[in-house]
Amino acid sequence: MPESNFVDYVKIHCRSGKGGRGSAHLRHAKYQPNGGPDGGDGGNGGSVYLRGNHNYWTLLHLKFQRHVFAEHGGDGGSDKCHGKDGKDQYIDVPCGTVVYNAETGKYVCDVTYDGQKVLLLKGGRGGLGNFQFRSATNQTPRFAQPGEPMEEMTVILELKLLADVGLVGFPNAGKSTLLSAMSSARPKIANYPFTTLEPSLGIVSYHDRQSFVMADIPGIIEGASEGKGLGLRFLRHIERNSLLLFMVPGDTDDIKHEYEVLLNELKKFNPDMLEKHRVLAVTKCDLLDDELIEMLRATLPGDLPVVFISAVTGLGMAELKDVLWRELNSESNKLQKITAEDNLVHRDKDMSSLSSELTAEGEDEIEYIDEADIEDFDDSEYEETEGDDDK
């Protein structure tokens, strides 16, 4: 079985660059025996940034990039020469990527739109050379500052698909068939459960050249919030959807019960998801007559729009588009830009099991610090001075 190209979790060890040390050089020239201090400042270390890129839709390009190290700043030199600043490192990620600390599970940051830059680790500031410490009372300072140390962190990048409409249903409910009928997406369709093993996105065209994005999520089964089936890993993709489209086949014994089971799984996973607008689509209705449809409609919940559809014959498809568009653009459910204040993003998680799983995927344990890469500072040559913070 070929490996899936949809990767929504990666673990990366990131490290910024340390600042270069300042120089404590004293100028000695043939005709200037007491030239005084001329030590230059050290260069700033490079920082690590996350950058949103709409050309990516999975984290596959980062799966085997286990380390991201920014460049260290160069040391200051004589004649007031400034050290070279370290080169920044940018990690391009798809829009909708959330970052967690792999060790603590704490939320770190979020990337939601194309071109957005988020500082992950700041590079160390370069130390000041002795030229900066000259004064009337200390005309020959023989000390300089060391550069600030680097920062490092092991992070887990988690992708949550950004879509307007998320399809929620049990396996074989017709989600992939609906997505292929309403958009140009071509997800795998077959007559057996768990045909969809990874999320798919499709753009649905509407009147006047308008459109919205629909996401097909792998089927949810009862107990998915407890880790059964595939639902637990992909339930988080529904968190970012503005509207949830529940899909239950028309030949089900109890449509209302199946809808309530799906709703309960979302509630167990994240109670805040119940605040989203919902639409119920009864699928595979090409075998039902009008009288039976009206009988079924009377048994369904009255607090949400219900549409009877058949993706094969086209029954109710135009009506479903109208309902989805109306709900997406209702005053109480205006599409809004996701911000850092979104409580669906700020939930801290227990990343211990996932961190071990990602490390065990045929990859070596991360070696956090390369001893050959770190230079030992001789603290005896440098002193802290008042007013350093102001510098």
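Criteria and thresholds
Residues numbered from 1 in each chain as written. Predicted model: local features only at pLDDT ≥ 70, side-chain atom pairs only at ≥ 80, totals over all residues. Heavy atoms only, no water. Pairing = 2+ DSSP bridges. Helix = DSSP H or I, 4+ residues; strand = E, 2+ residues; numbered from the N terminus. Axes fitted to C-alpha atoms, helices over the stretch in contact; angles between N-to-C directions. Parallel < 35°, antiparallel > 145°, perpendicular 65-115°, else oblique. Contact = heavy atoms within 4.5 Å. Nonpolar A, V, L, I, M, F, W, Y, C, P; charged D, E, K, R; others polar. pLDDT = per-residue confidence, 0-100. Core = buried A, V, L, I, M, F, W, Y, C linked by side-chain atoms within 4.5 Å. Buried < 20%, exposed > 50% of the residue type's maximum accessible area, 1.4 Å probe, protein only. Expected span 1.5 Å × (residues − 1).

### Description of the sheet that holds strand 7 (residues 97–101)
- Ordered by their spatial adjacency, five strands build an open sheet running 5-1-10-7-8, and the pairing between neighbours is mixed. The strands lining the two open edges of the sheet, one partner per strand, are strand 5 (67–69) and strand 8 (107–111). Neighbouring strand axes in the sheet, compared pairwise and without regard to direction, differ in orientation by 25° on average.
- Across seven bridges, the pairing between strand 1 (residues 9–15) and strand 10 (residues 152–159) is antiparallel. What sits directly across from Lys11, in strand 10, is Ile156.

### Here we look at the packing of helix 1 (residues 175–182) against helix 5 (residues 317–328)
- Contact geometry of helix 1 with helix 5 gives a least axis separation of 12 Å together with a crossing angle of 90°. By the criterion of interaxial angle, the relationship of helix 1 to helix 5 is roughly perpendicular. Facing helix 1, whose interface residues are Leu178, Ala181 and Met182, helix 5 presents Met317, Leu320, Lys321 and Leu324.
- Looking at the contact of helix 1 with helix 5 residue by residue, the classes come out as six nonpolar, no polar and one charged.

### Some thoughts on the confidence of the model for the protein
- Mean pLDDT over the protein: 78, with 75% of residues reaching 70 or higher.
- Low pLDDT (under 50) marks residues 335–346, which in the prediction has 23 contacts with non-local residues, meaning those over four places away or in another chain.
- Contacts of residues 362–391 to residues separated by more than four positions or lying in other chains number 49 contacts, the stretch itself having pLDDT below 50.

### Examining the nonpolar core
- Core analysis: the biggest nonpolar cluster contains 29 residues, and Val168, Ile238, Phe246, Leu266, Leu280 and Phe308 have the highest contact counts within it.
- Take this core: its biggest share by element is seven residues, from helix 3 (residues 255–269).
- Beyond its immediate stretch of four places on either side in the chain, Phe246 contacts Val168, Tyr259, Leu262, Leu263, Leu266, Arg278, Val279, Leu280 and Ala281.

### Comments concerning the sheet that holds strand 11 (residues 165–169)
- Taken together, six strands build an open sheet; the order of strands is 12-13-11-14-15-16 and the sheet is mixed. On the outer flanks of this sheet lie strand 12 (200–205) and strand 16 (306–308), each paired with one strand and no other. The sheet shows a mean angle of 25° between the axes of neighbouring strands, direction not considered.
- Here strand 11 runs beside strand 14 (residues 243–249); their pairing, made up of five bridges, is parallel. Paired with Gly166 across the strands is Leu244, a residue of strand 14.
- Those strands touched by helix 3 are strand 11, strand 14 and strand 15 (277–283), and its axis lies near 140° from that of strand 14.

### Observations concerning helix 5
- Taking 1.5 Å as the rise per residue, helix 5 with twelve residues should run 16 Å; its terminal C-alpha atoms sit 16 Å apart, in good agreement.
- Taken together, the buried positions of helix 5 are Met317, Leu320, Val323, Leu324, Trp325, Glu327 and Leu328.
- At its buried positions, helix 5 is contacted by strand 11, helix 1, strand 13 (211–216), strand 14, strand 15 and strand 16.

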